[in-house]
Amino acid sequence: MPADKTTSMAEAVGRIEPGSTVAAGLALEHAIPFAAGHELARQGTDDLTLVGPISDVLFDQLVGAGLVSRVRAAWTGNVSAGSGYNFRRAVEAGDLSVENHSNFSVALSLHAAALGVPYLPTRSLLGSDIAEEPQFRIAEDPFEGERVVQVPAIAPDWAFVHVQRAAPTGDAHLWGNTGVTYEAVRAAEHVLVTAEEVVDLDVIKSDPSRTRITREQVDAVVEAPFGAHPSPVAGRYNRDNEYFLEYADATRDADGFGAWADEWVYGVDGREEYREKVERDLSVQEPTTAAEVTYGQ
Amino acid sequence: MASENGAGADGANGTNGADGADGYTAREMMVSAAAREIEDGDVAFVGMRLPLIAFQVAVSTHAPNAMSVFESGVVRDDPADGFLHTMCDLPNLDRAVSTTGMLDVMGRLARGDIDVGFLGGAEIDRYGNLNTTRVHAGDREIRLPGSGGACDIACMSDRTVILMAHEPRRFVERVEYVTSPGHGEGGDWRAEESVPGGGPSALVTSKATFGFDDGGELYLRTVHPGEDADAVAADFPWDLRTREDVTGDPVGETAEPTDEVLSLVRGFDPDGFWTAD
């Protein structure tokens with residue numbers, strides 16, 4: 001029997017050491033692993049380096065919680081409202097180191113690590129001040145002599161991924177847009193899968209084309225219904241836009257963030273208690289069912 | 001506000017008033033003007049907010065064969081059936097053509113397969129370079145969210161269309177940080193720097209539309225109804241060129257959004273979340 005990797009959120013997140021590099025928010029505004037992030041805050045796992053393309057307030061929350069030393073990302077803010085105020089405050093106060101990327105350079109960094117190569121070249125970034133940031137090199141390609149930007153590999157210690165369903169083995173189905181999810185899973189040393197639902201392996205094997213994360217890449221599986229709220233999860237629940245707006249209003253100063261975090265992060269002992277606090281109906285009103293897929297032999 | 005009176009869009013309120021500008025918001029005007037920058041058959045790289053609505057308008061009117069790709073991996077050929085706060089809202093995933101990953105869609109961009117990309121910015125300069133990374137207010141440095149996919153779109157789309165609120169502080173002689181390169185320092189700068197795409201072709205603000213001349217410099221093309229060309233030009237810290245300087249034709253007036261377009265915009269954004277003033 002393959003190993004059962006299911007565990008509790010507290011135990012799984014407890015494996016992450018202070019000083020780790022964590023990639024999260026990999027599907028952009030979709031399926032952000034907020035539940036796992038909030039557990040990091042409750043455990044006070046600090047000195048983190050966060051990696052992601054855009055981060056829709058999860059990075060801002062972890063920065064506000066005082067856990068983050070460095071952000072390697074293309075965009076950190078609040079998509080519904082614009083700014084992430086904790087992020088702004090921390091950068092402007094000199095408390096946070098930021099490595100500026102574009103979305104594509106984050107994707108290439110993770111893809112390079114996933115391929116086991118030290119860097120990948122791109123013609124994006126040329127002419128921008130991002131290309132002049134110290135992590136990049138502008139070089140001449142050895143074949144045609146064109147200018148390229150060399151994007152260094154990033155291999156996170158951990159990738160956090162939220163999915164619709166996973167087997168106890170770690171084999172997981174996810175659907176909807178995926179951003180840089182697969183690249184990060186393959187680049188990371190360890191992977192935490194949080195799932196709306198843990199299902200029998202037979203369910204996963206009934207539709208192997210939907211399986212994009214397999215067990216050898218996965219360290220822990222945590223069943224976390226509503227684990228991506230306030231971000232949406234295809235087929236499960238919609239974006240809670242009001243929550244993003246309320247977060248922006250509540251976190252314009254550090255005290256406001258403290259009060260917000262006391263209520264939504266430190267004041268709950270886990271996702272079940274958190275869920276009871278959300279009163280808005282975010283359920284999918286008009287479910288769309290995919291045409292049946294047939295496999296066989 | 002007109003935008004909250006969506007039913008009125010079916011009537012003639014765009015044409016029956018003495019002042020047509022009362023019939024729509026500045027942002028609705030921007031969406032209308034931006035939609036016209038999408039040609040039928042284009043593959044458009046669509047960002048958030050107003051461009052997202054502009055694509056939905058374009059594909060519903062003059063560009064039924066346009067496709068949209070989003071950096072999150074969404075590929076759509078029609079308007080979403082529901083309001084979108086973000087490109088990853090479930091209505092944008094539902095009945096998409098494909099929901100794939102970033103390397104897939106950015107790969108198309110890198111290959112040169114994207115006709116038009118949309119951008120915004122906190123600052124823009126004479127050559128359409130954009131800054132969304134950091135600005136100064138007096139002595140204080142203000143950190144902005146950063147690039148997201150904007151630098152990639154700016155570098156590699158065949159052409160880009162920039163949307164921006166018309167605020168003089170946003171127009172600067174030289175942006176403080178080039179998050180998204182435009183025409184650089186003008187002339188053949190993009191070719192010299194090996195930047196692959198074609199660069200900005202238009203800027204749409206809440207008061208006017210602008211083009212870029214052969215040297216890559218911004219010029220005033222049309223002013224929206226009720227706006228004055230000299231006043232618009234005075235908002236720029238340099239001597240802004242105009243269509244008259246570039247083509248010999250005087251600065252025109254931006255076409256008003258049609259009733260059909262207003263009706264569509266108010267259908268896509270019924271509460272005016274993005275398009276109210």
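Residues numbered from 1 in each chain as written. Chains lettered and ligands numbered in written order. Predicted model: local features only at pLDDT ≥ 70, side-chain atom pairs only at ≥ 80, totals over all residues. Heavy atoms only, no water.

An unreviewed UniProt entry lists chain B under the name CoA transferase, with Halogeometricum luteum given as the organism.

You'll find chain A entered in an unreviewed UniProt entry as CoA transferase subunit A, with Halogeometricum luteum given as the organism.

A. Representation of the pairing of strand E5 (residues 119-122) of chain A in the model. Residue and element names in this part refer to chain A. Covered by surrounding structure in E5 are Leu 120 and Thr 122 only, the residues Tyr 119 and Pro 121 on the alternate face being uncovered. Two strands pair when backbone bridges link them, and E5 and strand E7 (residues 147-152) are joined in this way by 4 bridges, in the antiparallel orientation. In the strand pairing of E7, Tyr 119 is matched with Pro 152. (Buried < 20%, exposed > 50% of the residue type's maximum accessible area, 1.4 Å probe, protein only. Helix = DSSP H or I, 4+ residues; strand = E, 2+ residues; numbered from the N terminus. Pairing = 2+ DSSP bridges.)

B. Just the sheet that holds strand E6 (residues 137-140) of chain A, in detail. Residues and elements named next belong to chain A. Reading across the sheet, the 3 strands line up as E5-E7-E6 and stay open at both edges, with antiparallel pairing between neighbours. Here the strands that pair on one side only, and so sit at the sheet edges, are E5 and E6. Pairwise comparison of adjacent strand axes, ignoring direction, gives a mean angle of 40° for this sheet. In the packing of helix H5 (residues 103-115) onto the sheet, the strands contacted are E5 and E7, and the crossing angle to E5 comes to about 140°. (Axes fitted to C-alpha atoms, helices over the stretch in contact; angles between N-to-C directions. Contact = heavy atoms within 4.5 Å.)

C. Focus on the interface of chain A and chain B. Residue-level contacts link 54 residues of chain A with 51 residues of chain B. Of the roughly 3900 Å² buried between chain A and chain B, counting both surfaces, carbon and sulfur atoms make up 59%. The largest share of the area that chain A buries against chain B comes from Phe 104, Asp 129 and Asn 177 of chain A, three residues that together contribute 14% of it. Where chain A packs against chain B, one counts 2 salt bridges. Salt-bridge contacts for Glu 193 of chain B lead to Arg 147 of chain A; the nearest nitrogen and oxygen are separated by 3.1 Å. Along the contact surface separating chain A from chain B lie 23 residue pairs in polar contact (both at pLDDT 80 or more). Among the elements that make up the side of chain A that touches chain B, the one with the highest residue count is H5 of chain A (5 residues). (Buried area = accessible area lost by both parts, 1.4 Å probe. Salt bridge = Lys/Arg side-chain N within 4 Å of Asp/Glu carboxyl O. Polar contact = N/O pair within 3.5 Å; in protein donor to acceptor, adjacent residues only side chain to side chain.)

D. Broad picture of the packing of aromatic side chains. All names here are of chain A. This structure, assessed with the given rule, holds 12 aromatic pairs over all chains. An angle of 25° between the planes, with centres 6.0 Å apart, marks the rings of Phe 257 and Trp 260 as stacked. One end of the pair, Phe 257, and the other, Trp 260, are both in helix H9 (residues 254-266), 3 residues apart, so they sit about a helical turn from each other. Members of the aromatic cluster, joined through ring pairs, are Tyr 243, Tyr 247, Phe 257, Trp 260, Trp 264 and Tyr 274. (Phe/Tyr/Trp six-rings, centres within 6.5 Å; stacked < 30°, edge-to-face > 60°.)

E. Looking closely at unusual backbone geometry. His 229 of chain A connects to Pro 230 of chain A through a cis peptide bond whose omega is 10°. Along the chain, Pro 230 of chain A falls in the loop between strand E12 (220-223) and helix H8 (241-250). Phi angles above zero are rare outside glycine, and Phe 226 of chain A is one such case at about 70°. The residue Phe 226 of chain A is located in the loop between E12 and H8 in this model. Phi is positive for Arg 95 of chain B, which is not a glycine, with a value near 60°. Positionally, Arg 95 of chain B belongs in the loop between helix H3 (90-93) and strand E4 (98-99). A residue is classified by how much of its surface remains accessible, and Arg 95 of chain B, at 63% relative accessible area, is exposed.

F. Examining the nonpolar core more closely. Residues Val 163 and Ile 213 of chain A together with Val 57 and Phe 210 of chain B are the most contacted members of the largest nonpolar core, which totals 116 residues. Here this core gets 8 residues from one element, more than from any other, and that element is helix H2 (residues 50-60) of chain B. Excluding anything up to four places from it in sequence, Val 57 of chain B contacts Val 31, Ala 35, Val 261, Leu 264, Val 265 and Phe 268 of chain B. Within the second largest apolar cluster, 49 residues are counted, among which are Ile 32, Leu 40, Phe 87 and Ala 90 of chain A. (Core = buried A, V, L, I, M, F, W, Y, C linked by side-chain atoms within 4.5 Å.)

G. Structural view of the pairing of E7 of chain A. Residues and elements named next belong to chain A. Bridge count between E6 and E7: 4 bridges; the pairing is antiparallel. Directly across from Ala 139, in E7, lies its bridge partner Val 148. Taken together, E6 and the strand that follows it, E7, pair antiparallel across an intervening segment of 6 residues, in which Gly 145 is found at a positive phi of about 80°.

H. Structural context of the packing of H8 of chain A against H9 of chain A. Residue and element names in this part refer to chain A. Where H8 meets H9, the closest approach of the two axes is 8 Å, and the angle between their N-to-C directions is 135°. As judged from the angle between their axes, H8 and H9 are oblique. Facing H8, whose interface residues are Tyr 243, Tyr 247 and Ala 250, H9 presents Gly 256, Phe 257, Trp 260 and Trp 264. A per-class count over the contact of H8 with H9 returns 6 nonpolar, 1 polar and no charged. (Parallel < 35°, antiparallel > 145°, perpendicular 65-115°, else oblique. Nonpolar A, V, L, I, M, F, W, Y, C, P; charged D, E, K, R; others polar.)

I. Molecular detail of the pattern of salt bridges. Counted according to the given criterion, the structure contains 29 salt bridges over all chains. Where Arg 72 of chain A meets Glu 99 of chain A, a salt bridge forms, and the shortest distance between an N and an O atom there is 3.0 Å. On the criterion of sequence distance, the pair formed by Arg 72 of chain A in strand E3 (residues 68-77) and Glu 99 of chain A in strand E4 (residues 97-100) is long-range, its members being 27 residues apart. Taking relative accessible area as the criterion, Arg 72 of chain A reaches 15% and is therefore assigned buried. Accessibility expressed as a relative area gives 6% for Glu 99 of chain A, which makes it buried. Its salt-bridge partner being Asp 125 of chain B, residue Arg 174 of chain B comes within 3.7 Å of it at the nearest N-O pair. Of this pair, Arg 174 of chain B sits in the loop between strand E10 (159-164) and helix H6 (189-193) while Asp 125 of chain B sits in the loop between strand E6 (123-124) and strand E7 (130-131), placing them 49 residues apart in sequence. Look at the salt bridges and you will find they share partners, linking Arg 70, Arg 72 and Glu 99 of chain A into a network.

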